[in-house]
2 protein chains.
Amino acid sequence: MNDDFSPFRLENQLCFPLYACSREIIKRYTPYLDGIGLTYTQYITMMVLWERRSVGVKELGDKLFLDSGTLTPVLKKLEAKGLVTRERSKEDERSLIVTVTEAGDALKTQAAGIPAQISRCSALTPEEAAELYRILYKLLGREATV
Amino acid sequence: MNDDFSPFRLENQLCFPLYACSREIIKRYTPYLDGIGLTYTQYITMMVLWERRSVGVKELGDKLFLDSGTLTPVLKKLEAKGLVTRERSKEDERSLIVTVTEAGDALKTQAAGIPAQISRCSALTPEEAAELYRILYKLLGREATV
DNA sequence: CTCAATTAGATTGTACACAATTTAATTGAG
DNA sequence: CTCAATTAAATTGTGTACAATCTAATTGAG
């Protein structure tokens, strides 16, 4: 009766395990991120800023695959926490430049252990993790190594 | 200056490409799902019902990794569209049974081409897709083959 | 039996995502 | 130059996600 190869079975789709995995992994981050008062979206935004120090909203959106509709409220919250500043670019007033503050930079220290703690509970072998990583970036249409 | 192996680089995390991929793939579904008037969450809910015909909210939540806080409004919307019915179980009044209607079942025909159309634009080889699938289910802590 | 503990959904409140629209600044074809 | 087209953010509205709480039904230890 139930065709195991039916294209309609949830288990026969790639989209579903991707969607479920993404949410499950983010849930594993939550208790650690609660400790530094960030949501996952705020955390990945800070990760870009920890590396780049200062970045335009457009470029931030390209990196995170998010648009201004999502980023504007996130950045306003980070600004309210005193972690970033938001200023219009002098060269192009349309562009908004986000810059990490001293407090924002200090948070990086507190976040130090998080990535390792998460990957420790992933149950994947290093080879599987590397392969997963490679395939996901292929799907995203970007090179894995930047 | 920028350490390519820093655990803080977005590119060195698994969580980020998972999160970005999940959203990108769902975005690829959207134009097709618009055609049958469903959101992605509504679509995967209907997929379970197309296979099972009738299922409790608890079991639906286990399958989809979603709780009642998410499912209740989704199921009410599907009920409003006339695609499902929602009734308390006779044996256990705490449990709510969701059943696909005739109209809900008819929608399966309209959705027929969607999975194939999506996978056609994935750019992955069949081997990569299979490997991705296997690793994701390992991460989810479930067996890939149900 | 009986009431405390458990369970299933619903509700509430917060925070994204994202499509669509709006506003303001910049650009470039003529 | 100049105005239509483009671009960057912000805004608006809808729909999830999910933690926390609430309500009602069921269960099970004593």
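What counts and what doesn't
Note that residues are indexed from 1 along each chain, following the sequence as it is written. The order in which chains are written sets their letters, starting at A; the order in which ligands are written sets their numbers, starting at 1. For this predicted model, a pLDDT threshold of at least 70 governs which residues receive local features, and a threshold of 80 or more governs which side-chain atom pairs are given and counted, while totals over whole chains, interfaces and linings are taken from all residues. With hydrogens and water set aside, each side-chain value is computed from the structure's full complement of heavy atoms. Whether a residue is near a molecule or strand depends on its heavy atoms: it is near if one of them lies within 4 Å of it. Whenever a nitrogen or oxygen atom comes within 3.5 Å of another N or O atom, the pair is scored as a polar contact, on the condition that within protein one atom can donate a hydrogen and the other can accept it, and that pairs from neighbouring residues in sequence are kept only if both atoms are in side chains. Segments assigned H or I by DSSP are reported as helices when at least four residues long, segments assigned E as strands when at least two residues long, and all are numbered from the N terminus. Only Asp, Glu, Lys and Arg are considered charged, only Ala, Val, Leu, Ile, Met, Phe, Trp, Tyr, Cys and Pro nonpolar, and every remaining residue, Gly among them, polar. By convention here, the domain bounds are inherited from an automatic or database domain assignment. The contact definition used throughout considers only heavy atoms, calling two residues in contact when any of these lie within 4.5 Å. Two parts placed together each lose some accessible area under a 1.4 Å probe, and adding up what both lose gives the buried area. Salt bridge, as used here: a side-chain nitrogen of Lys or Arg that lies within 4 Å of a carboxyl oxygen of Asp or Glu. Note on ring pairs: Phe, Tyr and Trp rings are taken, using the six-membered ring of Trp, and paired if centres are within 6.5 Å. Classes follow the plane angle, with under 30 degrees stacked, over 60 edge-to-face and the rest tilted. Each residue gets one of three labels from its accessible area relative to the maximum for its type: buried under 20%, exposed over 50%, partly exposed in between, using a 1.4 Å probe on protein chains only. Both a distance and an angle decide whether a charge sits over a ring: NZ of Lys or CZ of Arg must be within 6 Å of the ring centre and within 35 degrees of the ring normal.

## Re the protein's contact with DNA strand D
Neighbouring residues of DNA strand D: 27 residues in total, closest Tyr19, Ser68, Thr72 and Arg86 of chain A together with Thr39 of chain B. Within 4 Å of the protein, atoms of DNA strand D come from sugar and phosphate in 78% of cases. The separation between a phosphate oxygen of DNA strand D and a polar main-chain atom of Val57 of chain A is 3.3 Å. Between Arg94 of chain A and DNA strand D, the recorded distance is 3.1 Å, taken from a side-chain N or O atom to a base oxygen. Breaking the surface near DNA strand D down by element, the ones donating at least two residues are helix H1 (15-35), helix H3 (57-64), helix H4 (68-80) and strand S2 (84-88) of chain A together with helix H2 (40-52) and helix H4 (68-80) of chain B. Along the lines of polarity and charge, the residues of the surface near DNA strand D split into five nonpolar, nine polar and 13 charged.

## Quick look at the domain arrangement of chain A
Residue and element names in this part refer to chain A. By the assigned domains, chain A splits into domain 1 (38-112) and domain 2 (113-146). If you average the C-alpha positions of domain 1 and of domain 2, the two centres end up 24 Å apart. If you look at the interface, domain 1 gives six residues, while domain 2 gives five residues. When residues of domain 1 are sorted by the area they lose upon contact with domain 2, Tyr43, Phe65 and Ala112 head the list and together hold 69% of the total. Across the contact surface, domain 1 and domain 2 share zero salt bridges. Its residues assigned to classes, the side of domain 1 that touches domain 2 shows four nonpolar, no polar and two charged.

## Re the packing of aromatic side chains
Counting across every chain of the model gives 16 aromatic pairs over all chains. Between Tyr40 of chain A and Tyr43 of chain A, the aromatic rings sit 6.5 Å apart at their centres with planes inclined by 50°, giving tilted as the arrangement. Residue Tyr40 of chain A and its partner Tyr43 of chain A are located together in helix H2 (residues 40-52), separated by three residues, close to a single helical turn. Of the two residues, Tyr40 of chain A and Tyr43 of chain A, both sit in the buried class. Ring centres of Tyr40 of chain A and Tyr19 of chain B lie 5.3 Å apart, and the angle between their planes is 75°; this geometry places the pair in the edge-to-face category. Of this pair, Tyr40 of chain A sits in helix H2 while Tyr19 of chain B sits in helix H1 (residues 15-35), each in a different chain. Judged by relative accessible area, which is 7%, Tyr40 of chain A ranks as buried. Taken together, the aromatic side chains of Phe16 and Tyr19 of chain A together with Tyr29, Tyr40, Tyr43, Trp50 and Phe65 of chain B make up a single cluster linked through ring pairs. Over the ring of Tyr19 of chain A we find Arg23 of chain A; its NZ or CZ atom is 4.2 Å from the centre of that ring.

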